[in-house]
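# Structure at a glance
Here's the letter readout for the chains.
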Amino acid sequence: MATLNSQSSLADIEAAYADNASYEEDNSPAKAKVFITACRLLLRMMPRLTGKGGNQVALSPDLIRKELLAAKEWLRNHDTTAASRSRRVIHASFQTFRD
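Owing to the predicted nature of the structure, the values given are computational and were not obtained by experimental measurement. (Residues numbered from 1 in each chain as written. Predicted model: local features only at pLDDT ≥ 70, side-chain atom pairs only at ≥ 80, totals over all residues. Heavy atoms only, no water.)

### Side note on the overall build of the protein chain
On a plain count of helices and strands, the protein chain comes out with five helices and two strands. Mapped from its N terminus to its C terminus, the protein chain presents α and β elements in the order α-α-α-β-β-α-α. Sequence-distant contacts, at least 24 apart, represent 55% of the contacts inside the protein chain between residues at least 6 apart. (Helix = DSSP H or I, 4+ residues; strand = E, 2+ residues; numbered from the N terminus. Contact = heavy atoms within 4.5 Å.)

Okay, here's the thing in structure tokens:
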């Protein structure tokens, strides 16, 4: 069951994004999955422009999309669960084969 869902606050999603951004360093497919979910929810819930008074900050969804794609690619190459193995295609190579 997912740790993030429609009931998660923006603060919860941002915390999950930060807490699981180290999926690659920790070599953790589980963290990558939570990070991907956090990216998806951030893209839906994050305001495009935020600020107080005269100070405003524009947030870039492109950066989060890039992080999402990178995490999905990493997960595709590092997830060893049975479900992910069934989707992989293995090609035989006879490049170094000799008679």
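Having seen the structure, we can now continue with the description.
### What about helix H1 (residues 10-20)?
Taken as a whole, H1 has its buried residues at Ile13, Ala16 and Asn20. Down the axis of H1, the smallest arc covering the buried residues is 60°, so these residues share one side. Every exposed residue of H1 that faces more than 90 degrees away from the buried side is listed here: Ala11, Ala18 and Asp19. On its buried face, H1 is in contact with helix H2 (23-26) and helix H3 (29-45). (Buried < 20%, exposed > 50% of the residue type's maximum accessible area, 1.4 Å probe, protein only. Arc of directions from axis to C-beta.)

### As for the packing of aromatic side chains
All told, the structure shown has three aromatic pairs when counted by the stated rule. Each ring, one from tyrosine 23 and one from tryptophan 74, has its centre 5.2 Å from the other, and the planes form 65°; the classification is edge-to-face. Highlighted residues: tyrosine 23 in helix H2 and tryptophan 74 in helix H4 (residues 61-78), separated in sequence by 51 residues. In terms of burial, tyrosine 23 and tryptophan 74 fall into one category: buried. Through successive ring pairs, a cluster of aromatic residues spans Tyr17, Tyr23, Phe35 and Trp74. (Phe/Tyr/Trp six-rings, centres within 6.5 Å; stacked < 30°, edge-to-face > 60°.)

### Some points on H4
Given a rise of 1.5 Å per residue, 18 residues ought to cover 26 Å, and the 26 Å separating the end C-alpha atoms of H4 matches this to within 8%. Looking only at H4, the buried set comprises Pro61, Ile64, Leu68, Ala71, Trp74 and Leu75. Viewed along the axis of H4, the buried residues span an arc of 145°, placing them on a single side of the element. In H4, the exposed residues that point more than 90 degrees away from the buried face are Leu63, Lys66, Leu69 and Arg76. Against the buried residues of H4 lie H2 and H3. (Expected span 1.5 Å × (residues − 1).)

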